Amino acid sequence: MPYNLDKIDTQILGILQKDSNRTTKSIAEELGMTTSPIFERIKKLEKEGYIKKYVAVLDNKKIGLKLTVFIGITLQGHTRSYLEKFVKEINNFPEIVECHRVSGNFDYLLKLVVEDIEAYERFIMSKLTLLSYLGNVQSLITLSTGKETNEIDLSGIM
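Any details on the pairing of strand β2 (residues 96-101)? Residues and values, ideally.
Pairing geometry for β2 and strand β3 (residues 108-114), over five bridges, is antiparallel. Looking across to β3, one finds that Cys99 is bridged to Leu110. Hairpin connection of β2 to β3: six residues between the antiparallel strands, including Gly104 at a positive phi of 110 degrees.

What follows is the structure, given as structure tokens:
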């Protein structure tokens, strides 16, 4: 039987989205509850897959990754094997931090984070263009970022 979220669950998810390092005690205090039910709810949210993992969000520029590029990809074929093979190979490229199958002008939209334009060119020449089933590749180089978040608006689900 699927687990249905209630108001407290969504509040917990909202708090953890902002800071996954929060203690059970501090979450319980914020919600006016004791730690045991909060702990149990968090474990249930993890078990049911609402919380996939906990991560540290890094500052790309501070670690030397100054260039973000979005790449629109069109494949030569659209059979299931083409699509599965493409995703499998893309997952071997650590420079690619996101891969989305999309509708519209492209089959896939990739997000790539690298040091600079030279690193991007090396990626294109030594990795991406070696995929024989690529049809069209269009790159969009990010000049600046106005918003970047991993937080999901939960206000509409309760």
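Which residues make up the pairing of strand β1 (residues 67-75), and what are the values?
Burial analysis of β1 places eight of its nine residues in the buried class, which makes it a mostly covered element. Examined bridge by bridge, β1 and β3 share seven bridges and lie antiparallel to one another. Looking at the pairing, Val69 lines up with Leu112 of β3. As paired elements, β1 and strand β4 (residues 134-141) share seven bridges and run antiparallel to each other. Counterpart to Gly72 in the pairing with β4 is Gln138.

Run through the packing of helix α2 (residues 24-31) against helix α3 (residues 35-47), naming residues and quoting values.
Between α2 and α3, the least distance of the axes is 9 Å, while the angle of their chain directions is 110 degrees. Viewed along their axes, α2 and α3 adopt a mutual orientation that is roughly perpendicular. Taken as a pair, α2 and α3 cross one another with a handedness that is right-handed. Contact with α2, carried on its side by Thr24, Lys25, Ile27, Ala28 and Leu31, involves Thr35, Ile38, Phe39 and Ile42 of α3 and no other residues of that element. Of the residues that constitute the contact of α2 with α3, the class distribution is six nonpolar, two polar and one charged.

So what's going on with the sheet that holds β1? Residues and values would help.
Read from one edge of the open sheet, four strands run β2-β3-β1-β4, paired in antiparallel fashion. What marks the edges here is a single partner per strand, and that holds for β2 and β4. With strand direction ignored, the average angle separating the axes of adjacent strands in the sheet is 20 degrees.

Residues and numbers for the packing of helix α1 (residues 7-18) against α2, please.
Between α1 and α2, whose axes approach to 11 Å, the crossing angle comes to 125 degrees. When the axis of α1 is compared with that of α2, the two are oblique. Judged by the twist between their axes, the crossing of α1 over α2 is right-handed. Where α1 approaches α2, its residues Ile8, Gln11, Ile12, Ile15 and Leu16 are matched on the opposing element by Ile27, Glu30 and Leu31.

Tell me about the packing of aromatic side chains, residues and numbers included.
This model, assessed by the stated rule, comprises four aromatic pairs. Ring centres of Phe93 and Phe123 lie 5.6 Å apart, and the angle between their planes is 90 degrees; on these two criteria the pair is classed as edge-to-face. You can see Phe93 sitting in the loop between α4 (80-90) and β2 and its partner Phe123 sitting in helix α5 (residues 117-126), a full 30 residues away along the chain. Each member of the pair, Phe93 as well as Phe123, is classed as buried.

Rules behind the numbers
Residues numbered from 1 in each chain as written. Predicted model: local features only at pLDDT ≥ 70, side-chain atom pairs only at ≥ 80, totals over all residues. Heavy atoms only, no water. Pairing = 2+ DSSP bridges. Helix = DSSP H or I, 4+ residues; strand = E, 2+ residues; numbered from the N terminus. Buried < 20%, exposed > 50% of the residue type's maximum accessible area, 1.4 Å probe, protein only. Axes fitted to C-alpha atoms, helices over the stretch in contact; angles between N-to-C directions. Parallel < 35°, antiparallel > 145°, perpendicular 65-115°, else oblique. Left-handed = near helix turned anticlockwise from the far one by under 90°. Contact = heavy atoms within 4.5 Å. Nonpolar A, V, L, I, M, F, W, Y, C, P; charged D, E, K, R; others polar. Phe/Tyr/Trp six-rings, centres within 6.5 Å; stacked < 30°, edge-to-face > 60°.

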